[in-house]
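# Inside the fold
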Amino acid sequence: MLNNVFAIATSLRQHLPFSVDPDLDIAPYYHNHVAAITGAGSGMGRELAIHLAKMGCHVALSDINAEQLIQTKEMLVNYDIKATTTVLDVSDNKAVEAWADNVMAEHGKVNFIFNNAGVALYSTVEGSSISELEWVMDINFWGVVYGTKAFLPLIKNSVKESEIDISANKFNSNDKNEKYRQFKEHGHIVNTSSLFGLTAQPSQSAYNASKFAVRGFTESLRQELDIQHCGVSATCIHPGGIKTNIANSARGNDSIKDIGMRGGRKSISSFNKFLKFDASDAAWVILHAAATNQPRCLIGSDAKMIDAVQRVFPSRYSKVLNDMNKLSRKIKGKKYSKNAANKAAIAK
């Protein structure tokens, strides 16, 4: 019982409205630094670029859609920062490595990588082809791996170049412990997992697999960076329903009809109804999470609620969530019937 209470308390701490301090000035963390962003042509990637530019952070933007990438860059022309663009397929390791080298050549340093690009697939396990599974994993997981691997040594070196000499400090002069290292600049790896990187859902096996993998990869990376005391850290992002184009660009097939779900455009339309959290607000939450060095960042009430349920019921969360959905539909049904009856009475 005490373990359950502790789990709820730990989860709710980051779920409260003031978990992002509106009075905290995070601009100094990003000002005059350089951030690389994948998936910058739309959605959270575009909003990250705008917020960073407002804070005086130079940006290296990439996206597979050249037209949308140009549109994002045009939105930054009024800010006193340098913005570069690269049309990029994040599933191409060589292309990602070349982009990282170009960022260093064009900006002289790099402090942050936001591995944000992602795709979705709706299908049953039985109904999905190997090529469909590979498509999701290549972008959602390997794209994050390639981005992290290409930029991490560059970020570490950029931060190291700003290291402060503290040898004159009497307190630390005889202590060579790495934890006392100090840097003028910051470094951070920000990898986008998902609400579906916390819990599994039917029809989302490929997406779940990719986002669970991102979560494990990033959490392990953060522990390694903490041990190294190198001035660089990592945060794993778990967005819930964010208003982006991911549903509209999703792939899928009618195999989900076998489990009672709607396929085709109806499935996309239904999924879009759950995308309620503003992408600009989501980007701001992400930037706060990195600036305050949070290991995990939940975005949206849906992600926070489902995380809390999963913590308390780790092996039974699917049943609990299904029961909650049924109860919600029942309550909404009663409200609809009551409103209809009231309108009918007024009409008489």
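Residues numbered from 1 in each chain as written. Predicted model: local features only at pLDDT ≥ 70, side-chain atom pairs only at ≥ 80, totals over all residues. Heavy atoms only, no water.

Helix and strand counts for the chain stand at 12 helices and 11 strands. Counting all 348 residues of the chain, 47% fall into the buried class. Sequence separation of 24 or more characterises 72% of the internal contacts of the chain that already satisfy a separation of 6 or more. Surface summary for the chain: the accessible area is close to 18500 Å², and the carbon and sulfur share equals 54%. (Helix = DSSP H or I, 4+ residues; strand = E, 2+ residues; numbered from the N terminus. Buried < 20%, exposed > 50% of the residue type's maximum accessible area, 1.4 Å probe, protein only. Contact = heavy atoms within 4.5 Å. Areas by Shrake-Rupley, 256 points an atom, 1.4 Å probe, with all protein chains shown as cover.)

Let's shift gears to the pairing of strand E4 (residues 112–115). Taking every second residue as pointing to the same face, both faces of E4 are buried, with Phe112 and Phe114 on one and Ile113 and Asn115 on the other. As defined by bridge partners, strand E1 (residues 34–37) adjoins E4 across 3 bridges and the pair is classed as parallel. Paired with alanine 36 across the strands is isoleucine 113, a residue of E4. (Pairing = 2+ DSSP bridges.)

Our next topic: the sheet that holds strand E3 (residues 83–87). By definition, the strands of a sheet pair up through backbone hydrogen bonds, in either a parallel or an antiparallel sense. Reading across from one edge, E3-E2-E1-E4-E8-E9-E11 is the order of the 7 strands in this open sheet, with parallel pairing throughout. In this open sheet, the two edge strands, each paired with only one partner strand, are E3 and strand E11 (296–299). For this sheet, the mean angle separating the axes of adjacent strands, direction not counted, is 15°. Where E1 meets strand E2 (residues 58–63), 4 bridges bridge the pair, whose relative direction is parallel. Across the sheet, the residue bridging to alanine 36 is alanine 60, located in E2. Running over the sheet, helix H8 (residues 205–228) touches strand E8 (187–192), strand E9 (232–239) and E11 and is turned about 155° from E9. (Axes fitted to C-alpha atoms, helices over the stretch in contact; angles between N-to-C directions.)

Attention now goes to the pattern of salt bridges. Here the structure, examined in full by the defined rule, presents 6 salt bridges. Here arginine 296 ties to aspartate 307 by a salt bridge, and the two come within 3.4 Å at their closest N and O atoms. Of this pair, arginine 296 sits in strand E11 while aspartate 307 sits in helix H11 (residues 301–312); the two residues are 11 residues apart in sequence, bridging distant segments of the chain. When sorted by exposure, arginine 296 lands in the same class as aspartate 307, which is buried. Taking the shortest distance from any N to any O, the salt bridge between aspartate 307 and arginine 311 comes out at 2.9 Å. Pair noted here: aspartate 307 and arginine 311 are both in helix H11, with a separation of 4 residues, about one helical turn. For aspartate 307, a relative accessible area of 1% gives the class buried. (Salt bridge = Lys/Arg side-chain N within 4 Å of Asp/Glu carboxyl O.)

Turning to the side chain of threonine 124, a few remarks are in order. Relative to the elements of secondary structure, threonine 124 occurs in the loop between strand E5 (121–122) and helix H6 (130–140). Assessed through its relative accessible area of 13%, threonine 124 is described here as buried. What threonine 124 contacts, discounting residues up to four positions off in sequence, is Ser255, Ile256 and Ile259.

Turning next to H11. With 12 residues, H11 extends 17 Å between its outermost C-alpha atoms, agreeing within 8% with the 16 Å of an ideal straight helix rising 1.5 Å per residue. Burial in H11 covers these residues: Ala303, Lys304, Ile306, Asp307, Ala308, Val309, Gln310 and Val312. (Expected span 1.5 Å × (residues − 1).)

Formed by 36 residues in total, the largest nonpolar core has its most connected members in Tyr30, Ile37, Leu52 and Phe114. Where this core is concerned, the elements lending two or more residues are helix H2 (27–30), E1, helix H3 (43–54), E2, E4, helix H10 (279–291) and E11. Considering each element in turn, this core owes the most residues, 9 residues, to H10. Core analysis: the next-biggest nonpolar cluster, separate from the first, contains 32 residues, Val90, Trp99, Ile113 and Ala150 among them. (Core = buried A, V, L, I, M, F, W, Y, C linked by side-chain atoms within 4.5 Å.)

Okay, the packing of helix H5 (residues 93–107) against helix H7 (residues 142–160) next. With their axes 8 Å apart at the nearest point, H5 and H7 run at an angle of 20° to one another. Classified by the angle between their axes, H5 and H7 sit roughly parallel to one another. In the crossing of H5 with H7, the sense of the turn from one axis to the other is right-handed. Listed contacts from H7 to Asn93, Val96, Glu97, Trp99, Ala100, Val103 and Met104 of H5 are Tyr146, Gly147, Ala150, Phe151, Leu154 and Ser158. Along the lines of polarity and charge, the residues of the contact of H5 with H7 split into 9 nonpolar, 3 polar and 1 charged. (Parallel < 35°, antiparallel > 145°, perpendicular 65-115°, else oblique. Left-handed = near helix turned anticlockwise from the far one by under 90°. Nonpolar A, V, L, I, M, F, W, Y, C, P; charged D, E, K, R; others polar.)

Turning our eyes to something else, we now look at the packing of H3 against H10. At a closest axis distance of 8 Å, the pairing of H3 and H10 adopts a crossing angle of 65°. Considering the relative orientation of H3 and H10, their crossing is right-handed. Contacts between H3 and H10 pair Gly43, Met44, Glu47, Leu48, His51 and Leu52 from the former with Ala279, Ser280, Ala282, Ala283, Trp284, Ile286 and Leu287 from the latter. Grouping the constituent residues of the contact of H3 with H10 by class yields 9 nonpolar, 3 polar and 1 charged.

This part covers the environment of phenylalanine 114. Inspection of the secondary structure puts phenylalanine 114 in strand E4. Residue classification places phenylalanine 114 among the buried positions, given a relative accessible area of 2%. Each C-alpha atom, one on phenylalanine 114 and one on leucine 61, is 9.9 Å from the other, the two residues being 53 residues apart in sequence. When sequence neighbours within four positions are dropped, the list of residues in contact with phenylalanine 114 reads Tyr30, Ala35, Ala36, Ile37, Thr38, Leu48, Leu52, Val190, Ile286 and Leu287.

Turning our eyes to something else, we now look at a negative patch on the surface. On the surface, Asp89, Asp92, Glu134 and Asp138 cluster together to form a negatively charged patch. Its place among the elements puts aspartate 138 in helix H6. (Patch = residues over 30% accessible without salt bridge, like charges linked within 9 Å, V, L, I, M, F, W, Y side chains within 5 Å. Lys, Arg positive; Asp, Glu negative; His and termini not counted. Charge placed at Lys NZ, Arg CZ, Asp CG, Glu CD.)

Shape is all these values report; function is a separate question.
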